[in-house]
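A structural walkthrough
What follows is the residue order along each chain.
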Amino acid sequence: SQKIEQNSEALNIQEGKTATLTCNYTNYSPAYLQWYRQDPGRGPVFLLLIRENEKEKRKERLKVTFDTTLKQSLFHITASQPADSATYLCALETGTASKLTFGTGTRLQVTL
Amino acid sequence: EPEVTQTPSHQVTQMGQEVILRCVPISNHLYFYWYRQILGQKVEFLVSFYNNEISEKSEIFDDQFSVERPDGSNFTLKIRSTKLEDSAMYFCASRLDFETQYFGPGTRLLVL
């Protein structure tokens, strides 16, 4: 069966440290993978997209890697801040209409 | 920056009633989607729409659901006879050609 798993439901880290979130998938061959941020009661906000032929993508303090052999993506937030506290969603492009299939998300809490 | 908008932000309805959720996608976008998120669960795909027709739909999107793009700007989701289990956040999303989908803030639907 097809599955998308994000490593942990919750992750607590101290301000200034690097947060690393994991997304693993099985039985998919996505052309690209996206990471979104979701705050409580709000819609997902697009952060980064990485294509199957790309190993790494960066945007400011964010970095994402994509290993299609391991079927895994890692999402890093460096120099984390309390404002980074949110749920982070991994989403794979699947299907003919490029619908997104989401993981369950990892709730990140950055403390002072 | 252009954004997807949704109305209403909250909707309370009685079981068996019809509801229409409205979305205004980003103006030059071509592909439109509805997703839903039951409280505490992951974001789930409902339907995709392109060139004035449904391109893909999930098992959730049964005969009680319909979508329409009545004019050049609005995109609606109708639930004909709501059930308790339809209570969720409903998100509209749009994209231009390939890749990134941009989500609206959502409509919280509560069926009593």
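Everything here concerns the structure above.
Bear in mind the structure is a predicted one, so any value in this text is a computation, not a measurement.

On to the sheet that holds strand β7 (residues 65-68) of chain B, then. Residues and elements named next belong to chain B. If you walk across this open sheet you meet the four strands as β1-β3-β8-β7, and the pairing is antiparallel. Every interior strand has two partners, whereas the edge strands, β1 (5-7) and β7, have only one. Looking at each pair of strands side by side, their axes are set apart by 20 degrees on average, direction ignored.

Another point: the sheet that holds strand β7 (residues 62-67) of chain A. All names here are of chain A. In spatial order, the strands read β1-β3-β8-β7-β6; together these five strands make up an open sheet with antiparallel pairing. Only two strands of the sheet have a single partner each, and these edge strands are β1 (3-6) and β6 (56-59). When strand polarity is set aside, the average angle formed by the axes of neighbouring strands in this sheet is 15 degrees. Alignment of strand β3 (residues 19-26) against strand β8 (residues 72-77), held across six bridges, turns out to be antiparallel. Looking at β8, one finds that cysteine 23 is bridged to serine 73.

Calculation rules
Residues numbered from 1 in each chain as written. Chains lettered and ligands numbered in written order. Predicted model: local features only at pLDDT ≥ 70, side-chain atom pairs only at ≥ 80, totals over all residues. Heavy atoms only, no water. Pairing = 2+ DSSP bridges. Helix = DSSP H or I, 4+ residues; strand = E, 2+ residues; numbered from the N terminus. Axes fitted to C-alpha atoms, helices over the stretch in contact; angles between N-to-C directions.

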